[in-house]
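Understanding the architecture of this molecule
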Amino acid sequence: MLTHFAVAPVAARLVEAGPRSTVILNVGDDDVETAGMSRLDDVRALRAAAPEFVPAAVLVDPAHADEPGLREEIEQWGPRLAVAHVRDEARSHAHDPLALRRALTDLLR
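A brief report on the enclosed structure follows. Each residue is numbered by its place in its chain's sequence as written, counting from 1. Confidence filtering applies because this is a predicted model: local features only for residues at pLDDT of at least 70, side-chain atom pairs given and counted only at 80 or more, and all residues used for totals across whole chains, interfaces and linings. Excluded from the side-chain calculations are hydrogens and water; all other atoms, namely the structure's heavy atoms, are used.

Focus on the side chain of Glu73
The condition is simple: Helical segments are the DSSP runs of H or I of at least four residues, strand segments are the runs of E of at least two, and each set is numbered from the N terminus. Burial status follows relative accessibility: with a 1.4 Å probe on protein chains alone, a residue under 20% of its type maximum counts as buried, one over 50% as exposed, and anything between as partly exposed.
Considering the arrangement of structural elements, one finds Glu73 in helix α4 (residues 70-77). Residue classification places Glu73 among the buried residues on the basis of a relative accessible area of 11%.

A few points about the sheet that holds strand β2 (residues 57-60)
Hydrogen bonding along the main chain pairs the strands of a sheet, whether they run parallel or antiparallel. In plain terms, the rule: The pairing criterion for strands is at least two bridges between them, as found by DSSP. Here an axis means a line fitted to C-alpha atoms, over the contact stretch when the element is a helix, while the angle between two N-to-C directions is reported on a 0 to 180 degree scale.
On the basis of which strands lie adjacent, the open sheet formed by three strands has the order β1-β2-β3 and parallel pairing. Bordering the open sheet on either side are β1 (22-24) and β3 (80-83), each of which pairs with just one other strand. The sheet shows a mean angle of 25° between the axes of neighbouring strands, direction not considered. Pairing of β2 with β3, which is carried by four bridges, proceeds in the parallel orientation. Its bridge partner being in β3, Leu59 is matched across the sheet by Ala82.

A closer look at α4
Put simply, the test is: Starting at the helix axis, one direction is taken to each C-beta atom, and the arc is that of these directions. Any two residues having at least one pair of non-hydrogen atoms within 4.5 Å are treated as being in contact.
All of the buried residues along α4 are Leu70, Glu73, Ile74 and Trp77. Within α4, the buried residues cover an arc of 95° as seen down the axis, which keeps them to one side. The outward face of α4, more than 90 degrees from its buried face, is lined by the exposed residues Glu72, Glu75 and Gln76. Its buried side turned inward, α4 meets β1, α2 (39-49), β2, α3 (62-65) and β3. Gly78 lies just past α4 and shows a positive phi near 125°.

Digging into the packing of aromatic side chains
Test applied: Any Phe, Tyr or Trp ring, taking Trp's six-membered ring, that has another such ring centre within 6.5 Å forms a pair; planes under 30 degrees apart are called stacked, those over 60 apart edge-to-face, and the others tilted.
If you walk through the whole model with that rule in mind, you get two aromatic pairs. Put simply, the rings of Phe5, Phe53 and Trp77 touch in pairs and so form one group of aromatic residues.

So, the environment of Glu75
Within the element layout of this structure, Glu75 appears in helix α4. A relative accessible area of 68% means that Glu75 is categorised as exposed. Residues Glu75 and Asp106 lie 31 residues apart in sequence; the distance between their C-alpha atoms is 20 Å.

Things to note about the environment of Arg20
For the record, the criterion: We define a polar contact as two N or O atoms separated by no more than 3.5 Å, with the added condition that, inside protein, one atom must be a possible hydrogen donor and the other a possible acceptor, whereas residues neighbouring each other in sequence contribute only through side-chain atom pairs.
Examined against the element boundaries, Arg20 turns out to sit in the loop between α1 (8-17) and β1. Residues Arg20 and Arg47 lie 27 residues apart in sequence; the distance between their C-alpha atoms is 17 Å. One polar contact links the side chain of Arg20 to the main-chain carbonyl oxygen of Glu16, over a distance of 3.5 Å.

Here it is as structure tokens:
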């Protein structure tokens, strides 16, 4: 998602859409791009790359919800924190599409 903010017109539209958007945090952390990074690191990187962008909600799997500092960072940022089981049990690095759909539907209610 960070690369989207590198293109000024796209970044402007994302900032505009922020109040109607949800950031879905990664469930995996063992690929080359995210090795050694926490969800707190992910949120801080997004905030640094796009300080004007504030989503309505941030969705996190319970496996990461209690990471030290994550709740406080999101609270300071402003979005609502939503915690839901969205990890694919068969592929721990991926989201479960049906669980993700349920979680997003619940957020819209």
